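As a plain string of letters, each chain reads:
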Amino acid sequence: MAGHNDMFSCRGKGNCDVTEFSEANWAAKLGEEPHFVMFYAPWCGHRKQLAPKLKSAAKKLKGSGVGIAGCDVETAPAVQQMFSDIRGFPSLKYVRSGKNSAKTAIDYNGPREGDDIERWVKLRSDALCPYHSSSSPSLALFRWKPKRATRTSRGSQIWSGF
């Protein structure tokens, strides 16, 4: 926890806008809302550059139904094992709530700036996307939730089940 608080400048401030995921709280926190998660190793220097940008996105998304989180894979190896495609750090993923959260996670490979991350999360979030709104029947035809994504040999995602 101390490393998390130091990295996101949360020490002594009570609540941190960036959730810390661990093996103990993974299921409970993810059950509350989907999260954009930075999987990191403490020795990785890039995580320090990305941390303030994630904190900025977390502040803007606070109360939106989507959280921003960090997960130290050295202290949470069981969480990392759920995501067999994590090979480098930091790895960024949008993880939906539910039992199959690891299987339906979406990789983020975009610009590593707070505004870009915030915009990307809003586009993928069920909570923030207008196409998933029941108050807009004309958009109901466009509502879909992919059942799964597979990777091609070149690393592209192919969605199925729409």
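Up top is the structure these notes are about.
Model, not experiment: these values are computed from the prediction.

*Asks:* With reference to specific residues and values, describe the packing of aromatic side chains.
*Replies:* Across all of its chains, the model carries 9 aromatic pairs by this definition. Relative to Trp26, the ring of Phe21 has its centre 4.7 Å away and its plane inclined at 65°; by these criteria the two rings are edge-to-face. The burial state of Phe21 is the same as that of Trp26; both residues are buried. When the ring of Trp26 is compared with that of Phe39, the centres are 6.2 Å apart and the planes differ by 40°; the resulting orientation is tilted. Remark: Phe39 occurs in strand β2 (residues 35–40) and Trp26 occurs in helix α2 (residues 26–32); sequence separation between them is 13 residues. Members of the aromatic cluster, each reached through a chain of ring pairs, are Phe21, Trp26, Phe39 and Phe83.

*Asks:* Hey, could you go over the nonpolar core for me, with residue numbers and the actual values?
*Replies:* Grouped together as the largest cluster of nonpolar side chains are 22 residues, with contacts concentrated most on Phe8, Phe36, Met38, Leu54, Ile68, Ile117 and Val121. Secondary-structure elements contributing two or more residues to this core are β2, α3 (46–61), β4 (91–95) and α5 (114–124). Examining the composition of this core, we find that 6 residues originate from one element, α3, more than from any other. Ignoring anything within four residues of it in the chain, the contact list for Met38 reads Met7, Phe8, Arg47, Leu50, Leu54, Ala69, Gly70, Cys71, Pro90, Ser91 and Leu92. The next biggest cluster of nonpolar side chains, apart from the first, holds 14 residues, and it includes Val37, Phe39, Val73 and Ala105.

About the criteria used
- Residues numbered from 1 in each chain as written.
- Predicted model: local features only at pLDDT ≥ 70, side-chain atom pairs only at ≥ 80, totals over all residues.
- Heavy atoms only, no water.
- Phe/Tyr/Trp six-rings, centres within 6.5 Å; stacked < 30°, edge-to-face > 60°.
- Buried < 20%, exposed > 50% of the residue type's maximum accessible area, 1.4 Å probe, protein only.
- Helix = DSSP H or I, 4+ residues; strand = E, 2+ residues; numbered from the N terminus.
- Core = buried A, V, L, I, M, F, W, Y, C linked by side-chain atoms within 4.5 Å.
- Contact = heavy atoms within 4.5 Å.

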